[in-house]
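Observations on the model geometry
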Amino acid sequence: MKYSINDFPDKNGFYGKYGGSFLSPEMNEEFQRINDFYQRIRNDAEFIDELKYIRKHYQGRPTPITFAKNLTDKLGGAAIYLKREDLNHTGAHKLNHAMAYGLVAKKMGKTKIIADTGAGQHGVAMAAAAAYFGMECDIYMGKIDAEKEAPNVDRMKIMGTNVIVVEDGAGKLIDAAAASFAAYEKDYERCFYPIGSALGPAPIPQMVRDFQSIVGKEAREQFAEMTDGKMPNKVIAVVGGGSNAMGLFSGFIDNDDIELLAAEALGKMREGEEERVGEHAATATFGEFRTMSGFKSLALAEEDGTPKPAYSVASGLDYPGLGPELAYLKEIGRIKFNAINDEEAIDAFYDLSKAEGIIPALESSHALALAMKMAPSHPGETFLVNLSGRGDKDIEFVLNNFDK
Ligand SMILES: *Cc1c(COP(=O)(O)O)cnc(C)c1O
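Residues numbered from 1 in each chain as written. Predicted model: local features only at pLDDT ≥ 70, side-chain atom pairs only at ≥ 80, totals over all residues. Heavy atoms only, no water.

Let me state the cut-off plainly: UniProt positions are given in the numbering used here, feature names are shortened, and annotations may be inferred rather than shown by experiment.
The name that an unreviewed UniProt entry assigns to the protein is Tryptophan synthase beta chain, with the source organism given as Candidatus Nanosyncoccus alces. As recorded by UniProt, the Catalytic activity (unreviewed entry) comment attached to the protein reads in full: "(1S,2R)-1-C-(indol-3-yl)glycerol 3-phosphate + L-serine = D-glyceraldehyde 3-phosphate + L-tryptophan + H2O". Reading the Function (unreviewed entry) entry of the UniProt record for the protein gives the comment "The beta subunit is responsible for the synthesis of L-tryptophan from indole and L-serine."

Structure (structure tokens):
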């Protein structure tokens, strides 16, 4: 089925049966106000120009595409190209939506950011955006995450952000998210609540996809320029909630003959095994249709929306939900999901580092692992992989646990 980004979501924020906004009446009204405001400015020339300026002069865009020649030669199959989102300021694609959120919040007259973060990458990106736009910023983080990701806590604090460590529950993202949303509900009139991926109540999935679409737009032009006007055969990205994937895919989705492949986290499991709850974060493979966190999508959750535990070696993938647009694209067959486990991701982390001198984030290593798995059996093809972030944050953890 032909899918055009411009046709989705519908006016109620749905992609087929996925999406929408299921909050308290008061919060639904606030999200409706955000939606009305966003639909007004999203095509406004001034907003677009301001964002362009920030992308170029603050973030360091455009990020290049690198042809991974050594890795390609080593694998002896498809040619692998990398979209270098690791070169964004603060180290990942997350700054693409963080800066745009900041600009929207500022234009709405908000003075404070309230958000939650798992590994701390979204928190660091929002802390940078808050500093840039001169806004107050409270970031909620689970106790376990805050200990594991201490350098990111320090980064946020240095940039003037107030980090609130949440002791409840398992001390992870889902607990931090409950605490941050409760704080936001009490103070929403002056606050903005940016969600860290292409998920949540409408209009957030659309906003994040739009804000990330710069990745696909640049990549399409750059890839054509590098290959005498050709397009890649396969475009590959990792999916936690779906922001970097929707960003890159949006640039190629109109061409039905370009395959879009998503890698999700199989964690400690192996391909073809029966599900072991709590040992993976493969929401597209094992998730069910649920209403969780204020929207409908595939999720690892009980029937009443209570989340089940998720796990991945990559903290940024350790989440039980999936963006509604991706769930719909899976349903109509436009995107194929593949699950990549911890071991495959760690191998890809080392392989890219050694072959190209580029240390990828463990999240991005899942996309890379999928490309590396498929490359030998697809000679003559070209694969474009979203290298969503850099691996500096993971070095200590990898060396302590998987030293090779
Ligand atoms: C957060 C993160 C991801 C996963 O989030 P998406 O919204 O699915 O993109 C992937 N890669 C990196 C580097 C991240 O920080």
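So, next bit.
1. Points about a nonpolar patch on the surface
What counts is decided by this rule: To count toward a patch, a residue needs a relative accessible area over 30% and no salt bridge; like charges are then connected within 9 Å, while nonpolar side chains (Val, Leu, Ile, Met, Phe, Trp, Tyr) are connected within 5 Å. The Shrake-Rupley method, run with a 1.4 Å probe, gives the accessible areas here. Residue values count only the displayed protein chains as cover. Just to be clear on terms, a salt bridge is a Lys or Arg side-chain nitrogen sitting within 4 Å of an Asp or Glu carboxyl oxygen. Think of it this way: any DSSP run of H or I at least four residues long counts as a helix, any run of E at least two long counts as a strand, and we number them from the N terminus.
On the surface, Ile359, Ile395 and Leu399 cluster together into a nonpolar patch covering about 220 Å² of accessible area. Note that Leu399 resides in helix α15 (residues 395-401).

2. Description of the site of the ligand
What counts is decided by this rule: Any residue with at least one heavy atom within 4 Å of a molecule or strand is counted as near it. Polar contact criterion, stated in full: a pair of N or O atoms within 3.5 Å, where within protein one must be able to donate a hydrogen and the other to accept it, and residues adjacent in sequence count only if both atoms are side-chain atoms. Amino acid classes used here: Ala, Val, Leu, Ile, Met, Phe, Trp, Tyr, Cys and Pro are nonpolar; Asp, Glu, Lys and Arg are charged; the rest, including Gly, are polar. An automatic or database domain assignment supplies the start and end points of every domain.
Lining the immediate surroundings of the ligand are 18 residues, of which Lys94, Ser197, Gly240, Ser243 and Ser388 lie closest. In this structure, an oxygen atom belonging to the ligand sits 3.0 Å away from a main-chain N or O atom of Gly241. Between the ligand and Ser388 there is a distance of 2.7 Å, counted from a nitrogen atom to a side-chain nitrogen or oxygen. Here the ligand loses 97% of its free accessible area of 390 Å² to cover by the protein chains. Those elements that provide at least two residues to the shell around the ligand are α10 (243-249) and α14 (362-374). Class assignment of the residues belonging to the shell around the ligand gives a composition of four nonpolar, 12 polar and two charged. The two domains that each donate at least three residues to the shell around the ligand are domain 1 (26-50 + 94-200) and domain 2 (59-91 + 205-401).

3. Observations regarding the layout of surface pockets
What counts here: In this analysis a 1.4 Å probe is tested at points of a 1 Å grid over the protein atoms alone, and where it fits but cannot get out there is a cavity; an open set with protein on both sides within 12 Å along at least five of seven lines is a pocket; lining residues have an atom within 4 Å of a point. Grid points are joined across faces, edges and corners, and a volume is the space filled by probe spheres set on the points.
In this model, the second largest pocket occupies a volume close to 950 Å³. In terms of lining residues, the second largest pocket is bounded by 30 residues, among which Ile48, Asp210, Ser213, Ile214 and Lys217 are the most central. Mapped by element, the contributors of at least two residues to the lining of the second largest pocket are α2 (45-59) and α9 (204-226). Among the elements that make up the lining of the second largest pocket, the one with the highest residue count is α9 (10 residues). Split by residue class, the lining of the second largest pocket holds 10 nonpolar, eight polar and 12 charged. Per-domain counts for the lining of the second largest pocket show at least three residues from each of domain 1 (26-50 + 94-200) and domain 2 (59-91 + 205-401).

4. With respect to the pairing of strand β13 (residues 335-341)
Counted only if it meets this: Categorising residues by exposure relies on relative accessible area from a 1.4 Å probe, with only protein chains included: less than 20% of the type maximum marks a residue as buried, more than 50% marks it as exposed, and the intermediate range marks it as partly exposed. Strands are treated as partners if at least two bridges between them are detected by DSSP.
Of all seven residues in β13, five are buried, a share of seventy percent or more. Judged from the seven bridges that link them, strand β10 (residues 259-267) and β13 form a sheet pairing that is parallel. The residue bridging Leu261 from the neighbouring strand is Lys336, located in β13.

5. Description of the packing of aromatic side chains
Remark: the centre distance and the inter-plane angle together describe each pair of aromatic rings, the angle taken between the planes. Rules: The rule is short: rings of Phe, Tyr and Trp, with Trp giving its six-membered ring, pair when the centres are within 6.5 Å, and they are stacked under 30 degrees, edge-to-face over 60, tilted in between.
Here the structure, examined in full by the defined rule, presents 19 aromatic pairs. Seen in terms of ring centroids, Phe14 and Phe22 are 6.3 Å apart; in terms of plane orientation they differ by 80°. Their pairing is edge-to-face. When its relative accessible area of 37% is taken as the criterion, Phe22 is described as partly exposed. Considering the side-chain rings of Phe349 and Tyr350, the 5.6 Å spacing of their centres and the 90° angle between planes classify their relative orientation as edge-to-face.

6. Considering the packing of helix α4 (residues 94-107) against α9
Each packed pair of helices is defined by two parameters, the angle between the axes and the distance between the axes. Here is the rule we go by: Axes here refer to lines fitted to C-alpha atoms; in helices the fit is confined to the stretch in contact. Angles between the N-to-C directions go from 0 to 180 degrees. Should an angle lie under 35 degrees it is considered roughly parallel, over 145 roughly antiparallel, and from 65 to 115 roughly perpendicular; all remaining angles are considered oblique. Take the far helix as your reference; a near helix turned counterclockwise from it by less than a right angle gives a left-handed crossing, and one turned clockwise gives a right-handed crossing. Two residues form a contact once any of their heavy atoms are found within 4.5 Å.
The N-to-C vectors of α4 and α9 enclose an angle of 120°; their axes lie 8 Å apart at closest approach. Taken together, the axes of α4 and α9 are oblique relative to one another. For the element pair α4 and α9, the recorded crossing hand is right-handed. Counting all contacts with α4, which are made through Lys94, Asn96, His97, Ala100, Tyr101 and Val104, the residues of α9 involved are Ile204, Met207, Val208, Phe211, Gln212, Ile214 and Val215.

7. Focus: the UniProt feature "modified residue: N6-(pyridoxal phosphate)lysine" (unreviewed entry) in the protein
As annotated by UniProt and renumbered to match this structure, "modified residue: N6-(pyridoxal phosphate)lysine" (unreviewed entry) occupies Lys94. Relative to the elements of secondary structure, Lys94 occurs in helix α4. The exposure class assigned to Lys94 is buried, which follows from its relative accessible area of 18%.

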